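Here is what each chain is made of, one letter per residue.
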Amino acid sequence: MLQRFVDNVLVITKESVKILTYESVHNIVRFINGLSALLLALLPGKTYILEGIHGWELRPTFRGPRLPRCMEDGVSSFNQFIHDFSMDPGSSESEENLSGEEDNDENTCPASPMSQCSRFFRSSTLPKSLRYDPVPSRSGNQRSYSLSSTKKSNLIKDYVVHRATDRRRGVVEDLQLGMEIFIEAVFDIFRKGAHNLLSPWESCNSFYRWLFTPNSLNQETLDHVLVPKTSFGDVDPTPRERIVTSRHFLNTDGRTCQDVISELGYPYEAIHVITSDGYVLLLERIPRRDSQKVLYLQHGIMDSSMGWVSNGVVGSPAFAAYDQGYDVFLGNLRGLVSREHVDKNISSRRYWRYSINEHGTRDVPAMVEKIHQIKTAEMKLIQIDNDDEVDDQPYKLCSISHSLGGAVMLMYVITRRIEEKPHRLSRLILLSPAGFHEDATIIVTLVQNLVLLLAPILAPLVPGLYIPTRFFRMLLNKLARDFHNYPALGGLVQTLMSYVVGGDSSNWVGVIGLPHYNMNDMPGVSLYVVHHFAQIKYAKKFLMYDYGSEAANIEAYGAPEPLDLGQHYGLIDVPVDLVAGRKDKVIPPSMIRKHYNLMKNAGVEVSYREFEYAHLDFTFSHREELLAYVMSRVLLVEKQTKAVKGVKLKKTERERSQ
């Protein structure tokens, strides 16, 4: 009786302490969010900065135990708290819970429309009363039940998107979880101590058994270890295949481009490319091996191939092109924290010693030549089977590039033409391309002057700008989740980040929460790339890297000055489509028009188009108008190919008739 009384007192005290702790943390978080809202209201210009972010409110989202559960069905708040966090998003329970969470709606990648329709058709043929729905899981044995057609459609929707749902925990949620675990551990010590004091004979027997039979296991323990238990008899135990490998035990989002592509039902292929200076690049592919239409996508600075698939099936250029019959390749430039190189022991100073030159003259050539090698071999097999004539390049390669990727592609085409080597491209579509940057804000100008002054001193000490340790990368990943849970705080960070880039309204906070900014790996930027941008802005020309002395420049370019790429636009022999954003403050439309005017004067077949978008909207936002326009330019390559084939066919017929 006394022992039961002590247990009840400890349980009630424990739950009271946990509720007090929870409320204290909750109030602190609300205070921080409210203070951020006040500062956000005082800052000028936040209206147009935040207009690209939808669904943000000043009310924070805080997940945790709402009421003490010590006397409710025998379930403690700690157990419920752990269950909420550790629940696999693939389970039927989480499907019901996810349907009510608003904070996950913006972080999901839409699944294939075909799969949504097929699953909904299967469910709609059943009666609206209690019905059985064999919604297949990844293992094929998960089942769920529904009570109404509305609830059924929600469950189907949740099942379709749950694989791409963001289930990360933020720093505040981790703090709350840590406090819960600590309180549980402390009170467990008190509970065991009270039991030992109140039942000394039983404690001595337990100690004796532990001391002299440490390796013995009774049958009950063996059954508990070997036989998985479930809550309900009609639900099978979760098999080993259902473990989500992309989720770390610290609940950071570690998905890769491969995970996103595969989970949405598309084929995937990874190709490792080695550059001439030993860097190992990852060229990713959504393969259509029999297609003569090839698309190469090149990301910008501090980005990766993830940007081209981050909007899911209905909003990503990579999936849109694949659905149009294209063989899609996604390039990744050098510059990852993992430092992929043939020399496994390469130093940080050596790895980060590269400028934009190396992107355009080593990275892109290596990847394009790998694409050429793969497609030529595949087309040769197909043409031999069809008894057709084998061309030197039996495919058409189009490229879509963003920001730094646009400057890199221009450099690649011009330098290959100067070297009299084939560039393999049929069309260039450049989304807000870099290259000219004299129209910049005061802050950017100050940074440029500092970089020009301090780069020679800092380069040996800080060769690259990146987050070096797993802990701080994890912290950034979790803070991105907190910025989403507490929108006023996130809005304040968004506003401050936007001020740095001149008021660009891109969703900067949302971007740092994407999976390629995870604790395992993360894009970085070389200080020499930053120095190269500063040189371009200072010179007001699209120059290759200035090595700082006439002797070094002569060795690299054969001239005392670096090559002016803008003066060689006449060498571009493929159509170019330039796309600018009126709200883009990173690379404003005036700088894109400078590209356009130079190309037009040089006789290049070039087009120009502006949209009401900011800099990151070209890749990280779902913009139907932009995607439709880009795909219309991509499809011009197919029409061009048909026209060339028609001319060749007529020429062959004339030769035969003669």
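The shown structure was predicted, so the numbers you read here are calculated from the model rather than taken from an experiment.

Definitions and limits used
- Residues numbered from 1 in each chain as written.
- Predicted model: local features only at pLDDT ≥ 70, side-chain atom pairs only at ≥ 80, totals over all residues.
- Heavy atoms only, no water.
- Buried < 20%, exposed > 50% of the residue type's maximum accessible area, 1.4 Å probe, protein only.
- Helix = DSSP H or I, 4+ residues; strand = E, 2+ residues; numbered from the N terminus.
- 1 Å grid on protein atoms, 1.4 Å probe; cavity = no way out; pocket = protein on both sides within 12 Å on 5 of 7 lines; lining within 4 Å.
- Points joined across faces, edges and corners; volume = space filled by probe spheres on them.
- Nonpolar A, V, L, I, M, F, W, Y, C, P; charged D, E, K, R; others polar.
- Pairing = 2+ DSSP bridges.
- Axes fitted to C-alpha atoms, helices over the stretch in contact; angles between N-to-C directions.
- Contact = heavy atoms within 4.5 Å.

Here's the deal with unusual backbone geometry
Then, in step 1: Although it is not a glycine, M302 sits at a positive phi angle of roughly 55 degrees.
Then, in step 2: Note on M302: relative accessible area 30%, which makes it partly exposed.
Then, in step 3: Phi is positive for S432, close to 45 degrees, though the residue is something other than glycine.
Then, in step 4: Counting through the fold element by element, S432 comes out in the loop between β8 (425–431) and α15 (442–458).
Then, in step 5: By relative accessible area, S432 is classed as buried at 0%.

Points about the layout of surface pockets
Then, in step 1: In this structure, the largest pocket encloses a volume near 1400 Å³.
Then, in step 2: Lining the largest pocket are 39 residues, with I301, M302, V501, W508 and V586 sitting closest to its centre.
Then, in step 3: For the lining of the largest pocket, the secondary-structure elements that each account for two or more residues are α15, α17 (487–500), α18 (508–512) and α19 (527–539).
Then, in step 4: Among the elements that take part in the lining of the largest pocket, α15 stands out by supplying 5 residues, more than any other.
Then, in step 5: Here the residues of the lining of the largest pocket sort into 28 nonpolar, 7 polar and 4 charged.

Brief notes about the sheet that holds strand β5 (residues 293–298)
Then, in step 1: Spatially, the 8 strands line up as an open sheet ordered β3-β4-β6-β5-β7-β8-β11-β12, and their pairing is mixed. Unpaired on one side and paired on the other, β3 (269–274) and β12 (606–611) mark the two borders of the sheet. If you compare each strand with its neighbour and ignore which way they point, the axes differ by 20 degrees on average.
Then, in step 2: Examined bridge by bridge, strand β4 (residues 280–286) and strand β6 (residues 327–331) share 3 bridges and lie antiparallel to one another. Bridge assignment links R285 to a residue of β6, and that residue is F329.
Then, in step 3: Relative to the sheet, helix α14 (residues 404–418) contacts β5, β7 (396–402) and β8, its axis offset from that of β8 by approximately 150 degrees.

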